[in-house]
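# Structural description and commentary
Spelled out from the first residue to the last, the chains are:
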Amino acid sequence: MTPSVIKLKVTDEDRRIAWLATAAVGLSLVDAAIPSPLPGVKPGLANIVTLVVLARYGWATAVWVSGLRVLAGSLLLGYFLAPGFFLSLTGTVFSLATLGLTRHLPARWFGPVSLSIFAAFAHIGGQLLLARLWLIPHDGVFLLTPVFSAAALVFGTINGLIATKLLNELPSQPEPARA
Amino acid sequence: MAWLALIKPGDWLVILLGTLVVGISFPLFWQGGLAERAVVRQNGQIFADLDLRAKRQLEVPGPLGQTLIAIEPGRARVVSDPGPRQYCVRQGWLMRPGEIAICAPNRVSLQITGRTKVYDSISY
């Protein structure tokens, strides 16, 4: 038998996605360490990375980075395939879909702050929907809507501002390939 | 402030829109106000209409026996019921307007009401 060697070609795009996803996973861990008064109310700092990636490298890269972040973050924090994983995944899918639509808004008028707020609302909307359909099949879940939407507005604005600042300060050159 | 300069005109619009959504969501989802009274019905007739301020217990007779209801400040529950499936007992404390525990076999129901009437469903 001849030993077969499968060689994967690693492109610069792959490296970039890996680096950015690492940054996002790191922020997820920070997020998880911040105590929260109510499960579900989290700053969602990793979304700053998503916003920056969306603005710099486009929607497809943002999807990759977010997807990897949800997967790796859940593995590191130990909730992979637990209900929290599916909530996280649903929120991410909804917010990425929203970002895919809202990124076509005229950039002259709408910055990352707008995108961040839209994404935050979509995120919590998707999660509430999943929770209602699957985890807690009772309309009582929606009693938390006002709290969640207020949190989405506040954290969405803050994350959007941080993303805007990062985009203004970081040079838009693609980073040199790292070995 | 330097941070404010980062917000574009459209962003302000979105923030305003978001604030509106949040503002509307509070009365929309938290309608009915606080739990104020508990209405106990026996066989469809109002058996007792109790204030949810004082602690007390109430025995309601039905075809199967006594249903025991407990009232506490801001909440009420069915403590025991002779019914076979115990659905109303297992519901636990009711504390929001519109919530209801129905002990159908014993024909007793316990409903929380607030200042405004809440519908549990609306058909057109």
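Refer to the structure presented above.
### So, the environment of P39 of chain A
Residues and elements named next belong to chain A. Turning to its location among the elements, P39 is positioned in the loop between α1 (12-33) and α2 (46-57). What makes P39 exposed here is its relative accessible area of 71%. Between the C-alpha atom of P39 and that of F121, which follows or precedes it by 82 residues, the distance is 16 Å.

### Observations regarding the sheet that holds strand β1 (residues 37-42) of chain B
Strand pairing within a sheet occurs via backbone hydrogen bonds; the two strands may be parallel or antiparallel. All names here are of chain B. If you walk across this open sheet you meet the four strands as β2-β1-β7-β6, and the pairing is antiparallel. A single partner strand is all that each edge strand has here, and the edge strands are β2 (45-51) and β6 (100-103). Between one strand axis and the next, the sheet turns through 15° on average, direction left out of account. Sheet analysis places β1 next to β2, joined by six bridges and oriented antiparallel. Looking at β2, one finds that R37 is bridged to D51.

### Observations concerning the packing of aromatic side chains
Aromatic rings in a pair are described by how distant their centres are and how their planes are angled relative to each other. Applying the stated rule across the entire model yields three aromatic pairs over all chains. With a centroid separation of 5.3 Å and an interplanar angle of 75°, the aromatic rings of F85 of chain A and F86 of chain A are classed as edge-to-face. A residue is classified by how much of its surface remains accessible, and F86 of chain A, at 29% relative accessible area, is partly exposed. Ring centres 5.7 Å apart and planes at 90° place the aromatic pair F86 of chain A and W134 of chain A in the edge-to-face group. Here W134 of chain A lies in helix α5 (residues 112-135) and F86 of chain A lies in helix α4 (residues 83-102), a separation of 48 residues in the sequence. Through successive ring pairs, a cluster of aromatic residues spans F80, F85, F86 and W134 of chain A. Positioned above the aromatic ring of W3 of chain B, the side-chain terminus of K165 of chain A is 5.1 Å from the ring centre. Its guanidinium or amino end placed over the ring of W93 of chain B, R75 of chain B lies 3.9 Å from that ring's centre, counting from NZ or CZ.

The rules we used
- By convention here, each chain's residues receive numbers from 1 onward along its written sequence.
- A letter from A marks each chain and a number from 1 marks each ligand, given out in the order of writing.
- The predicted origin of the model limits local features to residues at a pLDDT of at least 70 and limits the giving and counting of side-chain atom pairs to 80 or more, whereas totals for whole chains, interfaces and linings rest on all residues.
- To obtain the side-chain values, all non-hydrogen atoms of the structure were used and water was disregarded.
- Secondary structure counts use DSSP, requiring at least four H or I residues in a row for a helix and at least two E residues in a row for a strand, with both numbered from the N terminus.
- Here the term buried applies to any residue with accessible area under 20% of the maximum for its type, exposed to any over 50%, and partly exposed to those in between, with areas from a 1.4 Å probe on protein chains only.
- A pair of strands counts as paired when DSSP detects no fewer than two bridges linking them.
- Comment: axis = line fitted to C-alpha atoms, over the contacting stretch for helices; angle = value between 0 and 180 degrees taken between N-to-C directions.
- Two aromatic rings from Phe, Tyr or Trp, using only the six-membered ring of Trp, form a pair when their centres are within 6.5 Å; if the ring planes differ by under 30 degrees the pair is stacked, by over 60 it is edge-to-face, and anything between is tilted.
- Charge-over-ring placement is defined geometrically: NZ (Lys) or CZ (Arg) within 6 Å of the ring centre, and within 35 degrees of the ring normal.

Functional significance is not addressed by these values, which are geometric in nature.
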